[in-house]
Amino acid sequence: MPVTERALELAMTAAQAAADKKAQDIVVIDVAEQLYITDAFVIASASNERQVLAIVDAIEEALLNLPEKAKPVRREGERAGRWVLLDYVDIVVHVQHAEEREFYALDKLWKDCPSIPFVDRDMVDADSSSGAA
């Protein structure tokens, strides 16, 4: 069964919130066929611990501001700020320091699962405004 509409809404909102805080290499992976516990992973990188925590805060705020609010049922790794996991049941968000991202390579671990395209809305806006010049 593919990712649910709710999971897609949460994943895209989380990915955009991460992009708004300058997260790098944002990937959304549909793991619904492989896992029964969640539908999608959102994975994002940051260059330092402070940015990891800022991205996590932005994601939590964005998901709380949805019409149907979402709060994580579990969060791990916040104290160290190297890899923070936010479990929203429908999705699991991984915000990793770039070094952890490279070392643990979640993207490669789940490479057999389909990715869900995410395009940062600021990049779309920048493309459309530069085309008008």
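Residues numbered from 1 in each chain as written. Predicted model: local features only at pLDDT ≥ 70, side-chain atom pairs only at ≥ 80, totals over all residues. Heavy atoms only, no water.

Inspection of the secondary structure puts Val93 in strand S5 (residues 91-97). Exposure remark for Val93: the relative accessible area of 1% places this residue in the buried category. With 78 residues separating them in the primary sequence, Val93 and Ala15 have C-alpha atoms 8.9 Å apart. (Helix = DSSP H or I, 4+ residues; strand = E, 2+ residues; numbered from the N terminus. Buried < 20%, exposed > 50% of the residue type's maximum accessible area, 1.4 Å probe, protein only.)

Any aromatic ring pair is given by two values, namely how distant the centres are and how the planes are angled relative to each other. According to the stated counting rule, one finds three aromatic pairs in the structure shown. Between the aromatic rings of Phe41 and Trp110, the centroid separation amounts to 5.3 Å while the plane-to-plane angle is 90°, which identifies the pairing as edge-to-face. Taken together, the residues Phe41 in strand S2 (residues 40-46) and Trp110 in the loop between helix H4 (106-109) and strand S6 (115-116) connect sequence positions 69 residues apart. Each member of the pair, Phe41 together with Trp110, is buried. Seen from their ring centres, Phe103 and Tyr104 are 4.9 Å apart, and the 85° between their planes marks the pair as edge-to-face. Given the relative accessible area of 65%, Phe103 is considered exposed. Aromatic rings pair up to connect Trp83, Phe103 and Tyr104 into one cluster. (Phe/Tyr/Trp six-rings, centres within 6.5 Å; stacked < 30°, edge-to-face > 60°.)

Our focus in this paragraph is the packing of helix H1 (residues 5-20) against helix H2 (residues 49-64). In a packed pair of helices, the relevant descriptors are the angle between the two axes and the axis-to-axis distance. Closest axis-to-axis distance for the H1/H2 pair is 8 Å, and the angle between their directions is 140°. Judged by the angle between their axes, H1 and H2 are oblique. Where H1 crosses over H2, the two elements pack in a sense that is right-handed. Only Ile55, Ala58, Ile59, Ala62 and Leu63 of H2 make contact with H1, whose side of the interface consists of Leu10, Thr13, Ala14, Ala17 and Ala18. (Axes fitted to C-alpha atoms, helices over the stretch in contact; angles between N-to-C directions. Parallel < 35°, antiparallel > 145°, perpendicular 65-115°, else oblique. Left-handed = near helix turned anticlockwise from the far one by under 90°. Contact = heavy atoms within 4.5 Å.)

A separate point is the side chain of Gln96. Within the element layout of this structure, Gln96 appears in strand S5. Once residues within four sequence positions are removed from consideration, Gln96 is found in contact with Ile43, Ala44, Ser45, Ala46, Val52, Arg82, Trp83, Arg101, Tyr104 and Leu106.

In this section: the sheet that holds strand S3 (residues 74-76). Strands sit in the order S3-S4-S5-S2-S1-S6 across an open sheet of six strands; the sheet is mixed. Each having just a single partner strand, S3 and S6 make up the two edges of the open sheet. Here H2 sits on the sheet in contact with S2, S3, strand S4 (83-87) and S5, set at roughly 160° to S5. (Pairing = 2+ DSSP bridges.)

Honestly, that's just the spatial picture; any functional story needs more than this.
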